[in-house]
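Notes for the structure review
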Amino acid sequence: LPEELLRLDSDRVFGLTMNASHLAAVRKARLHRISDRDVPPYTDIRELNRELWTAEELMVRHGWHQVDVSYKATEEVASYILDRISARSKSD
């Protein structure tokens, strides 16, 4: 991880995650647009579960917020994060 990330106040870091099957679908669609060959590790559900587990473990270890973006629009995610930041600012 970049040192700059680790130096941030953990309350200001938001990790985005999604369920493995949705991530697989997103990655398969992306691959279909850019290539006609398969890249198994990139879309393998077991590998995706490992990636997501590793990311969640990092977020928990560092006390970062976790936001599941599986079926949310970008605007919903941004609004949620801004609301959390605003609520924190008001409580300081």
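Look a little higher up for the structure.
This section reports on the structure supplied with the text. As a convention, each chain's residues are numbered from 1 in the sequence order in which they are written. Where local features are concerned, this predicted model is filtered to residues with pLDDT of at least 70; where side-chain atom pairs are given and counted, the filter is 80 or more; whole-chain, interface and lining totals use all residues. As a rule here, side-chain values come from all non-hydrogen atoms in the structure, and water together with hydrogens is ignored.

In this section: the overall build of the protein. In terms of regular secondary structure, the protein is built from 5 helices and 2 strands. Since a compact globule built from 92 residues should have a radius of gyration of about 12 Å, the 16 Å found for the protein marks it as more spread out than a globular shape. Taking the principal axes of the C-alpha coordinates as reference, the protein spans close to 50 × 25 × 20 Å. Only protein chains enter the accessibility calculation, which uses a 1.4 Å probe. A residue is then buried if its area is under 20% of the maximum for its type, exposed if over 50%, and partly exposed in between. For the protein, buried positions account for 22% of its 92 residues. In DSSP terms, a helix is any run of H or I states spanning at least four residues, a strand is any run of E spanning at least two, and both are numbered starting from the N terminus. With the radius of gyration taken over C-alpha atoms, the globule rule is written as 2.2 Å times the number of residues to the power 0.38.

In what follows, salt bridge is the name for a side-chain nitrogen of Lys or Arg lying within 4 Å of a carboxyl oxygen of Asp or Glu. By the definition in use, this model includes 6 salt bridges. Between Glu47 and Arg50 there is a salt bridge; the shortest N-O distance is 3.2 Å. Separated by 3 residues within a single helix, Glu47 and Arg50 lie in helix H4 (residues 45-62), roughly one turn from each other. Overall, the relative accessible area of 26% leaves Glu47 in the partly exposed class. Judged by its relative accessible area of 51%, Arg50 falls in the exposed class. Between Arg61 and Glu57 there is a salt bridge whose closest N-O contact spans 2.5 Å. Residue Arg61 and its partner Glu57 are located together in helix H4, separated by 4 residues, close to a single helical turn. Here the salt bridges do not stand alone but share partners, grouping Asp9, Asp11 and Arg88 into one network.

What follows covers helix H2 (residues 20-34). Here the expected length of a helix is defined as 1.5 Å per residue gap, with one fewer gap than residues. Between its first and last C-alpha, H2 extends 21 Å over 15 residues, near the 21 Å set by a 1.5 Å rise per residue. Three or more residues of H2 are buried, namely Ala20, Leu23, Ala24, Arg27 and Leu31. Buried residues of H2, viewed axially, fall in a sector of 100 degrees; they line one side. Residues of H2 that are exposed and angled more than 90 degrees away from the buried face: His32 and Arg33. Any two residues whose heavy atoms approach within 4.5 Å at even a single point are treated as in contact. At its buried positions, H2 is contacted by helix H3 (40-43) and H4. When we speak of the arc, we mean the arc of directions from the helix axis to the C-beta atoms.

Side-chain rings of Phe, Tyr and Trp (the six-membered ring for Trp) are treated as a pair once their centres are within 6.5 Å; stacked means planes under 30 degrees apart, edge-to-face means over 60, and tilted covers the remaining angles. What the rule picks out here adds up to 0 aromatic pairs. In this structure, Arg84 packs its charged tip against the face of Tyr80, placed 4.4 Å from the ring centre. Definition used: whenever NZ (Lys) or CZ (Arg) falls within 6 Å of the ring centre and also within 35 degrees of the ring normal, the charge is taken to sit over that ring.

What follows deals with the nonpolar core. Put simply, a nonpolar core is a bunch of buried Ala, Val, Leu, Ile, Met, Phe, Trp, Tyr and Cys residues held in one set by side-chain atoms that sit within 4.5 Å of each other. Among the nonpolar cores identified, the biggest contains 11 residues, and these are Phe14, Met18, Ala20, Leu23, Ala24, Leu48, Leu52, Val67, Val69, Val77 and Ile81. Taken together, the elements giving at least two residues each to this core come down to H2, H4 and helix H5 (74-91). It is H2 that provides the largest number of residues to this core, a total of 3 residues.

On their own, these measurements won't tell you what the molecule is for.
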